[in-house]
Amino acid sequence: MTIHIGAAPGEIAETVLMPGDPLRAEWAAQTFLDDAKCVNRVRGMLGYTGTWKGNRVTIQGSGMGMPSLSIYANELIRDYGARTLIRIGSCGAMQHSINIRDVVIAMTASTLSTPSRGIFKELNYAPCADYALLEAAVASARKKDSAVHVGGIYSADVFYDERPDLNEQMIRHGILGVEMEAAELYTVAARHGVRALAIMTVSDHLLTQDALPAEDRERSFGDMVEIALEAAFA
Ligand SMILES: O=P(O)(O)O[C@H]1O[C@H](CO)[C@@H](O)[C@H]1O
Ligand SMILES: O=c1cc[nH]c(=O)[nH]1
């Protein structure tokens, strides 16, 4: 047990999928894993461990925002020995070429700051994906019906944005979408020498204002989960 994860030693797999939403963790575990067992309920941040095609997998909610994700990523890696962490999230699209329900795979994640910012001081560290995971995820995504986009994303600290000028600069510089966790996931994973990737399904569009309801964000992002599982065990 850790402060935030109630799983016993050995109950967390080396491969962990991390949605922000704990109910998406429950849905994905029940839909894609065999013999899924709930291994964490602390703070309602549900985590499940089961198998996918014979491979052990944990699906653990990260909560919203980088401070929350950072707690779970640190404890999963340092206390439970997780070696591959794949975010299965939602994001807002920032380009007209991207549509609702498309899949975005983050090669890099730009930020204003992350919980790791203090380490780097004046340095602007560039959080990036594990290349082998990225390559495997792209290969998997190309075989599916969902359109896939690969490139830079923006990991924001706020959902309700009081600085629209920042979004304008992100859009102008080709950033595909905005979410709130990937940059810290990539940074913590790099620090501990483990693999990380962030895959997001587009839930809303900053340019058209289209948006999916909460239930769809919880339960309808199956292609993304399959892409994550196939990439983890490629
Ligand atoms: O759907 P999840 O994975 O939580 O991801 C996105 O949704 C939340 C905001 O609504 C943030 O966590 C953001 O990153
Ligand atoms: O963080 C997020 C997630 C989805 N859509 C947004 O605009 N921001």
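Residues numbered from 1 in each chain as written. Chains lettered and ligands numbered in written order. Predicted model: local features only at pLDDT ≥ 70, side-chain atom pairs only at ≥ 80, totals over all residues.

Some thoughts on the UniProt feature "binding site: a purine D-ribonucleoside" (unreviewed entry) in the protein chain
According to UniProt, the feature "binding site: a purine D-ribonucleoside" (unreviewed entry) maps to His4, Glu179, Met180, Glu181, Ser203 and Asp204 in the numbering used here. For this annotated set, covering 201 residues, the C-alpha atoms extend up to 30.2 Å from each other, a dispersed arrangement in space. Assignment of secondary structure puts Glu179 in strand E8 (residues 177-179). Of the residues examined, Glu179 has 25 C-beta atoms within 10 Å and is grouped as buried. Residues contacting Glu179, with those up to four places away along its chain left out, are Gly89, Ser90, Cys91, Ile153, Ser155 and Met200. Tracing the backbone through its elements, the reader meets Asp204 in strand E9 (residues 195-205). Among all residues touching Asp204, those that are not within four sequence positions of it are Gly92, Asp210, Ala211 and Leu212. (UniProt positions renumbered as here; feature names shortened; annotations may be inferred. Helix = DSSP H or I, 4+ residues; strand = E, 2+ residues; numbered from the N terminus. Buried ≥ 20, exposed ≤ 12 C-beta atoms within 10 Å, placed from the backbone. Contact = placed C-beta atoms within 7 Å.)

Let's talk about the environment of Met200
If you trace the backbone, Met200 turns up in strand E9. Residue Met200 is classed as buried on the basis of its 28 C-beta neighbours within 10 Å. Through-space distance from the C-alpha of Met200 to that of Ala106 is 8.0 Å; in sequence the pair is 94 residues apart. Excluding residues that lie within four positions of it along the chain, Met200 makes contacts with Gly89, Ser90, Cys91, Val104, Gly177 and Glu179.

Quick look at the nonpolar core
Among the nonpolar cores identified, the biggest contains 73 residues, and Ile86, Ile199 and Ala228 are the most heavily contacted of them. In terms of residue count, helix H8 (residues 222-232) provides more of this core than any other element does, seven residues in total. (Core = buried A, V, L, I, M, F, W, Y, C linked by C-beta atoms within 7 Å.)

Observations concerning the site of ligand 2
In the vicinity of ligand 2, the contacting residues are Ser90, Cys91, Gly92, Phe159, Val178, Glu179, Met180, Ser203 and Asp204. Counting residues per element, the shell around ligand 2 draws most heavily on strand E5 (residues 84-93), which supplies three residues. Grouping the constituent residues of the shell around ligand 2 by class yields four nonpolar, three polar and two charged. (Near = placed C-beta within 6 Å. Nonpolar A, V, L, I, M, F, W, Y, C, P; charged D, E, K, R; others polar.)

Observations concerning the site of ligand 1
In the vicinity of ligand 1, the residues found are Pro19, Gly20, Asp21, Met64, Gly89, Ser90, Phe159, Glu179, Met180, Glu181 and Arg217. Across the shell around ligand 1, the residue classes break down as four nonpolar, three polar and four charged.

Looking at the packing of helix H4 (residues 131-142) against H8
One way to put it is that H4 packs onto H8 with a least axis distance of 8 Å and a crossing angle of 130°. As far as their axial angle goes, H8 and H4 are oblique. Between H4 and H8 lies a crossing of right-handed hand. Here H4 contributes Leu133, Ala136, Ala137, Ser140 and Ala141 to the contact with H8, which in turn contributes Ile227, Glu230 and Ala231. (Axes fitted to C-alpha atoms, helices over the stretch in contact; angles between N-to-C directions. Parallel < 35°, antiparallel > 145°, perpendicular 65-115°, else oblique. Left-handed = near helix turned anticlockwise from the far one by under 90°.)

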